[in-house]
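Here are the chains, one letter per residue:
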Amino acid sequence: MNHDASAALVGTVYDRVHRARLVPVIRVKDGDSALELVDRLLTAGLDVIEVTTTIDGWDEVIATLRERSPEACVGAGTITSAAFAQRAVEVSAQFCVSPRIVPQARAALVAGGVPFIEGGLTPTEVLGAAEHGVAKLFPAHVGGVSYLKSLLAVAPTARIMPTGGIPLTGAAEWLAAGAFAVGIGSDLTAPGDIAARVTEALDP
């Protein structure tokens, strides 16, 4: 893939993340549970999904989803090493996410044309990661919405995705504060009508 094509692909993925507003973070025990949960999310209209490497068989989950749900945008989360990054490329993950800065992983993903949302908590980490595309603010609940506002006050064009400890009911506040998108974990994926809860939270 040439540079222009790779850049266009990365831009398209970022556009999908931004339009989605919510990125479900799948962190369950096993692959079967992950696939069942993703089916519920897709049915609810949430088609940008982050499958974390903490799941046993995470790579098989992504490979399966890429084959059976081509309409979804499936990423690999908790990419903390070059080995994880390389495996994510091999199973055709469409983006990768890390809670920290991982230069070796970034190198592998850039070579594979895969967008990398990395970051951390400090201004140096978050704004440094934002220079490469989209940054992850983690754990977001530590500083809260006011912390995101402070970061955007000094870097208003930074694209930042807060994740970690954010309840679904709080997502609208983060988005209103300028979040590029919001990563939501167990609160979003709890049993019940996901679509109804999302509508209530974002479009009351």
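Quick note: structure is the one above.
So, how was this worked out
Residues numbered from 1 in each chain as written. Predicted model: local features only at pLDDT ≥ 70, side-chain atom pairs only at ≥ 80, totals over all residues. Heavy atoms only, no water. Buried < 20%, exposed > 50% of the residue type's maximum accessible area, 1.4 Å probe, protein only. Helix = DSSP H or I, 4+ residues; strand = E, 2+ residues; numbered from the N terminus. Arc of directions from axis to C-beta. Contact = heavy atoms within 4.5 Å. Polar contact = N/O pair within 3.5 Å; in protein donor to acceptor, adjacent residues only side chain to side chain. Phe/Tyr/Trp six-rings, centres within 6.5 Å; stacked < 30°, edge-to-face > 60°. Lys NZ or Arg CZ within 6 Å of the ring centre and 35° of its normal. Pairing = 2+ DSSP bridges.

**A short note on helix α9 (residues 194-202)**
Phase 1: Among all positions of α9, only Ile194, Val198, Ala201 and Leu202 are buried. Considered in projection along α9, the buried side chains sweep an arc of 80 degrees and stay on one side of the axis.
Phase 2: For α9, the elements touching its buried residues are β1 (22-26), α2 (31-43) and α8 (171-176).
Phase 3: For α9, the N-terminal cap is Asp193; the gap from its side-chain oxygen to the backbone nitrogen of Ala195 is 3.2 Å.

**Considerations on the packing of aromatic side chains**
Phase 1: Here the structure, examined in full by the defined rule, presents 1 aromatic pair.
Phase 2: Plain terms: the ring middles of Trp58 and Phe84 are 5.8 Å apart, the flat faces sit at 80 degrees to each other, and that makes the pair edge-to-face. Of this pair, Trp58 sits in helix α3 (residues 58-68) while Phe84 sits in helix α4 (residues 82-90), and the two are 26 residues apart along the sequence.
Phase 3: The class of Phe84 is partly exposed, set by a relative accessible area of 26%.
Phase 4: Lys136 extends its terminal NZ or CZ atom over the ring of Phe138, reaching a point 4.9 Å from the ring centre.

**Thoughts on the environment of Ser186**
Phase 1: Mapping Ser186 onto the fold places it in the loop between β8 (182-184) and α9.
Phase 2: Look at Ser186 and you get exposed, because its relative accessible area is 63%.
Phase 3: Sequence-wise, Ser186 and Ile49 are 137 residues apart; in three dimensions their C-alpha atoms are separated by 13 Å.

**A word on the pairing of β1**
Phase 1: For β1, the tally of buried residues reaches 5 of 5 residues, placing the bulk of the element in the interior.
Phase 2: Burial of the side chains of β1 extends over both faces: Leu22, Pro24 and Ile26 are buried on one face and Val23 and Val25 on the other.
Phase 3: Summarising the sheet, β1 and β8 pair through 3 bridges and their orientation is parallel. By the bridge assignment, Val23 is partnered in β8 with Gly183.

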